[in-house]
Amino acid sequence: MAKDQEVKLAQMKKIVQELGSSTEKYGDPTLERFLIARSMDPNKAAKMFVSWQKWRTSFVPLGFIPDSEVLQQLESRKIFLQGLSKDGHPIMILHASKHYPAKDQHQFKKFVVHLLDKGIASGIRGQEIGNEKIVAIIDMQQLTFKNVDAHGLISGFQFLQAYYPERLARLYILNMPKFFVSVWKMISHFLEKATLDKIVIVRNEDERKRFVIEVGKEALPEELGAPKTAWD
C-alpha cells in the first residue's frame, strides 16, 4: 500500500470514530473500497462507510436476505451464477426476458441485496478479504416492452453505488434491442461516471468476440460457449 494511501486510510478510520462508529470488524481492503469510491477523500469515504453500516444494520439485520423473503423473484429463474471469469471474478447472468417489473418494490430491493451478496460471497476463498468484485452480464435476447423495468434497473444501480462500492468489475449488456436504447439513455443519467466506465454494451460481432476473450470462453453459458449452472 502506498504511503499516501496509508495516511488517508488512517484519517478515514479516525473520522469514522468521530462519527460515532467503528472500523474494528473490517479489514483495510473493505475500507479502501470506500476510499476509492470517494476519490480518496477520507471525510467523504468515512461518511459513506458509516451510512453503509447503518443501512446494513436496518435493511439486512440477519447479515443476509433469506431465500424465503425473495421467493417471488427467485421463481422466475432469471439469475444464474456462472463460475469465475478469466480474472477470477464471480459471473452473474441476468436473462432480462424473464424479468417483469415488481409490484412489491421493497421485496425487489431485498432481491437486489440477496443476489449481490450471494454473487460476492461466491468469490470468497476461505476467509473474506473485502475487495471481491463481480462480473455481471445482462442478456436482453427476446426482451419485450413487458420486461422493461427502468425503475428496477435504476434502483439496482443506486444500491450498487451507495452500498456496494467497488464491487463491480464489469457489466456487459448483450443483445440490446433498438427500442431499449432511449430507455438506457434515461437510466444512464442516474449513474455515476465510475459506474458508467465499467459498463460495456456489446453491439456487434467484433465486440462480442472481445467480450468472450475478456470474460473467458470456458466461463460463459452454453449459448456463448459453455454449459451454465443454475442459481440455487
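Please read these numbers as outputs of a predicted model, since none were measured by experiment. (Residues numbered from 1 in each chain as written. Predicted model: local features only at pLDDT ≥ 70, side-chain atom pairs only at ≥ 80, totals over all residues. Heavy atoms only, no water.)

Caption draft 1: Spatial organisation of the overall build of the chain. Along its length, the chain carries nine helices and five strands. In sequence order, the secondary structure elements of the chain are arranged as α-α-α-α-β-β-α-β-α-β-α-α-β-α. In terms of C-alpha radius of gyration, the chain reaches 18 Å, essentially the compact-globule figure of 17 Å for 232 residues. Relative to its 232 residues, the chain shows a buried fraction of 47%. Partitioning the intrachain contacts of the chain with sequence separation of at least 6 by distance along the chain shows that 76% fall at a separation of at least 24. Accessible area for the chain stands at about 12500 Å²; split by element, carbon and sulfur atoms hold 53% of it. For the chain, the separation between the mean place of its 34 positive charges and that of its 28 negative charges on side chains is 4 Å. (Helix = DSSP H or I, 4+ residues; strand = E, 2+ residues; numbered from the N terminus. Rg over C-alpha atoms; globule rule 2.2 N^0.38 Å. Buried < 20%, exposed > 50% of the residue type's maximum accessible area, 1.4 Å probe, protein only. Contact = heavy atoms within 4.5 Å. Areas by Shrake-Rupley, 256 points an atom, 1.4 Å probe, with all protein chains shown as cover. Lys, Arg positive; Asp, Glu negative; His and termini not counted. Charge placed at Lys NZ, Arg CZ, Asp CG, Glu CD.)

Caption draft 2: Looking closely at helix α7 (residues 181-188). Within α7, the full set of buried residues consists of Val183, Trp184, Ile187 and Ser188. Along the long axis of α7, the arc covered by the buried residues comes to 140°, so they all point the same way. Opposite the packed face of α7, turned more than 90 degrees from it, sit the exposed residues Ser182 and Lys185. Against α6 (150-163), β4 (168-174), α8 (193-196) and β5 (199-202) lie the buried residues of α7. (Arc of directions from axis to C-beta.)

Caption draft 3: Highlighting the pattern of salt bridges. Scanning the entire structure with this criterion turns up seven salt bridges. For Lys193, the salt bridge identified is with Asp197, shortest N-O distance 2.8 Å. For Lys193, a relative accessible area of 61% puts it in the exposed group. The class of Asp197 is partly exposed, set by a relative accessible area of 45%. Bridged by salt links that share partners, the residues Lys133, Glu166 and Lys198 form one connected network. (Salt bridge = Lys/Arg side-chain N within 4 Å of Asp/Glu carboxyl O.)

Caption draft 4: A look at the side chain of Asp117. Mapped onto the fold, Asp117 is located in helix α5 (residues 105-121). A residue is classified by how much of its surface remains accessible, and Asp117, at 16% relative accessible area, is buried. Engagement of the side chain of Asp117 in a polar contact is seen with the side chain of Tyr164, the distance being 2.7 Å. Look past the residues within four positions of Asp117 in its chain and what remains in contact with it is Arg56, Gly63, Phe64 and Tyr164. (Polar contact = N/O pair within 3.5 Å; in protein donor to acceptor, adjacent residues only side chain to side chain.)

Caption draft 5: Layout of the environment of Ile199. The topology assignment puts Ile199 in strand β5. For the pair Ile199 and Glu214, spaced 15 residues apart in the sequence, the C-alpha separation amounts to 13 Å. What Ile199 contacts, discounting residues up to four positions off in sequence, is Phe157, Leu171, Ile173, Trp184 and Leu191.

Caption draft 6: Highlighting the packing of aromatic side chains. Enumeration according to the criterion identifies 15 aromatic pairs in this entry. Between Phe145 and Phe179, the ring centres sit 4.3 Å apart and the planes meet at 35°, which makes this aromatic pair tilted. Of this pair, Phe145 sits in the loop between β3 (134-139) and α6 while Phe179 is found in the loop between β4 and α7, placing the two residues 34 residues apart along the sequence. On the accessibility criterion, Phe145 (63% relative accessible area) is exposed. Using a relative accessible area of 25% as the deciding quantity, one classes Phe179 as partly exposed. (Phe/Tyr/Trp six-rings, centres within 6.5 Å; stacked < 30°, edge-to-face > 60°.)

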